[in-house]
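# A closer look at the structure
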Amino acid sequence: MQLADILSSLFPVGHEVAQAGGLVTGWGRLDHQTRIDLIGIIDKTYPGVDEAIALAAHVLSVARRPDRSPLLFLVDSGSQRMSRRDELLGLSEALAHLAKALWQAERVGHRTVGLLYGGSAAGAFIATALACGSLVALPTAWPEVMDLPSMARVTKLPLATLKEKAETTPVFAPGLDNLLATGAIAKVWDPAASLNTQLAALLAKPVSNDLRAQLGADRGGRPKAAMIAAEVERLALLHG
């Protein structure tokens, strides 16, 4: 689906969206009463310091409002922009600031939902889609925390070894099916059905604990995740 089609399906009642420099901001109406704030990275843009700060500023402006409107984050990006300028200006800190802004919005009552409809990778994926309280995707999505050639360079393992591991271990592997198996993506939406209806159904569910570890365990992508999460919680309670 193209962005215009996605917006029309999400907000048939109406929306107002501005696009500039690979970023999108605005709002849409889930229905005649419910406003959804909208931000996003589009057109395979590689976000750098400037983009991360601009997005974080928009998220924080939403977080300051008392109306508790949900925030939808559309994602179709490259990885973070690893230019010399961005690295010297503190790209990792800017991306961390964006992720913390999303956490703050969620903390004060603005539901944050990521909708991954294109690509995303590495720090850009972690600080946007994965930093939202809920993450859903369309079948066209192609997420990767790290592609296998890059992983081979970092780990010094042969690419063939990593490809073999990726076939049976989702945490090693890029792609929508693998991120779904790990629980990072809660659900893949049906593009042939109303996205408005699917978003409304998601927002109608009450906010609960982070279920990603349990989803990963249930789907076989993270068989140890639930056990480890339970042990961490037990130790935290034990040590106060």
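For the protein, the name recorded in an unreviewed UniProt entry is Malonate decarboxylase gamma subunit, with Rhizobium miluonense as its organism.

## Quick notes on the overall build of the protein
The number of helices and strands found in the protein is 11 helices and nine strands. For the protein, the C-alpha radius of gyration of 18 Å lies close to 18 Å, the compact-globule estimate for 240 residues. Projecting the C-alpha coordinates of the protein onto the three principal axes gives extents of approximately 50 × 45 × 40 Å. Put simply, the protein has 240 residues, and 45% of those count as buried. Within the protein, contacts between residues separated by at least 24 positions form 63% of all contacts whose residues are at least 6 apart in sequence. Taken as a whole, the protein presents about 12,200 Å² of accessible surface, with 58% of it coming from carbon and sulfur. For the protein, the separation between the mean place of its 23 positive charges and that of its 23 negative charges on side chains is 5 Å.

## With respect to the nonpolar core
By size, the foremost hydrophobic cluster in this structure holds 27 residues, and its most contacted members are Leu55, Val59, Phe73, Leu116 and Ile185. Looking at this core, the elements with two or more residues in it are strand 3 (35-45), helix 2 (49-63), strand 4 (71-77), helix 4 (91-107), strand 7 (134-137) and helix 8 (176-181). With five residues, the single largest contributor to this core is helix 2. Excluding anything up to four places from it in sequence, Leu55 contacts Leu23, Ile39, Gly40, Ile41, Phe73 and Leu98. Grouped together as the second largest cluster of nonpolar side chains are 22 residues, Leu7, Val136, Leu195 and Leu202 included.

## Focus on the domain arrangement of the protein
Often the size quoted for an interface is simply the accessible area lost on bringing the parts together. Under the domain assignment, the protein is made up of domain 1 (3-207) and domain 2 (210-239). If you average the C-alpha positions of domain 1 and of domain 2, the two centres end up 23 Å apart. Regarding the contact of domain 1 and domain 2, the summed buried area is about 660 Å², with carbon and sulfur atoms giving 47% of it. The largest per-residue losses of area from domain 1 upon contact with domain 2 belong to Ala181, Thr182 and Gly183, which jointly make up 47% of the total buried on that side. Across the contact surface, domain 1 and domain 2 share zero salt bridges. At the boundary of domain 1 with domain 2, the tally comes to zero residue pairs in polar contact (both at pLDDT 80 or more). Residues belonging to the side of domain 1 that touches domain 2 are distributed by class as follows: nine nonpolar, three polar and no charged.

## Describing unusual backbone geometry
Although it is not a glycine, Lys44 adopts a positive phi angle of roughly 60°. For Lys44, the location among the structural elements is in strand 3. Using a relative accessible area of 48% as the deciding quantity, one classes Lys44 as partly exposed. Located in the positive-phi region is Ala122, a residue other than glycine, with phi close to 55°.

## Description of the sheet that holds strand 9 (residues 187-188)
The strand order across the open sheet formed by seven strands is 1-2-3-4-5-7-9, and the pairing between neighbours is mixed. In this open sheet, the two strands that pair with only one neighbour each are strand 1 (15-20) and strand 9. Of the strand pairs in this sheet, strand 2 (residues 23-29) and strand 3 are connected by seven bridges, and their pairing is antiparallel. Bridging from a neighbouring strand, Leu23 pairs with Ile41 of strand 3. Contacting strand 1, strand 2, strand 3, strand 4 and strand 5 (112-116), helix 1 (residues 3-10) crosses the sheet at an angle of about 160° to strand 4.

What counts as what
Residues numbered from 1 in each chain as written. Predicted model: local features only at pLDDT ≥ 70, side-chain atom pairs only at ≥ 80, totals over all residues. Heavy atoms only, no water. Helix = DSSP H or I, 4+ residues; strand = E, 2+ residues; numbered from the N terminus. Rg over C-alpha atoms; globule rule 2.2 N^0.38 Å. Buried < 20%, exposed > 50% of the residue type's maximum accessible area, 1.4 Å probe, protein only. Contact = heavy atoms within 4.5 Å. Areas by Shrake-Rupley, 256 points an atom, 1.4 Å probe, with all protein chains shown as cover. Lys, Arg positive; Asp, Glu negative; His and termini not counted. Charge placed at Lys NZ, Arg CZ, Asp CG, Glu CD. Core = buried A, V, L, I, M, F, W, Y, C linked by side-chain atoms within 4.5 Å. Domains from an automatic or database assignment. Buried area = accessible area lost by both parts, 1.4 Å probe. Salt bridge = Lys/Arg side-chain N within 4 Å of Asp/Glu carboxyl O. Polar contact = N/O pair within 3.5 Å; in protein donor to acceptor, adjacent residues only side chain to side chain. Nonpolar A, V, L, I, M, F, W, Y, C, P; charged D, E, K, R; others polar. Pairing = 2+ DSSP bridges. Axes fitted to C-alpha atoms, helices over the stretch in contact; angles between N-to-C directions.

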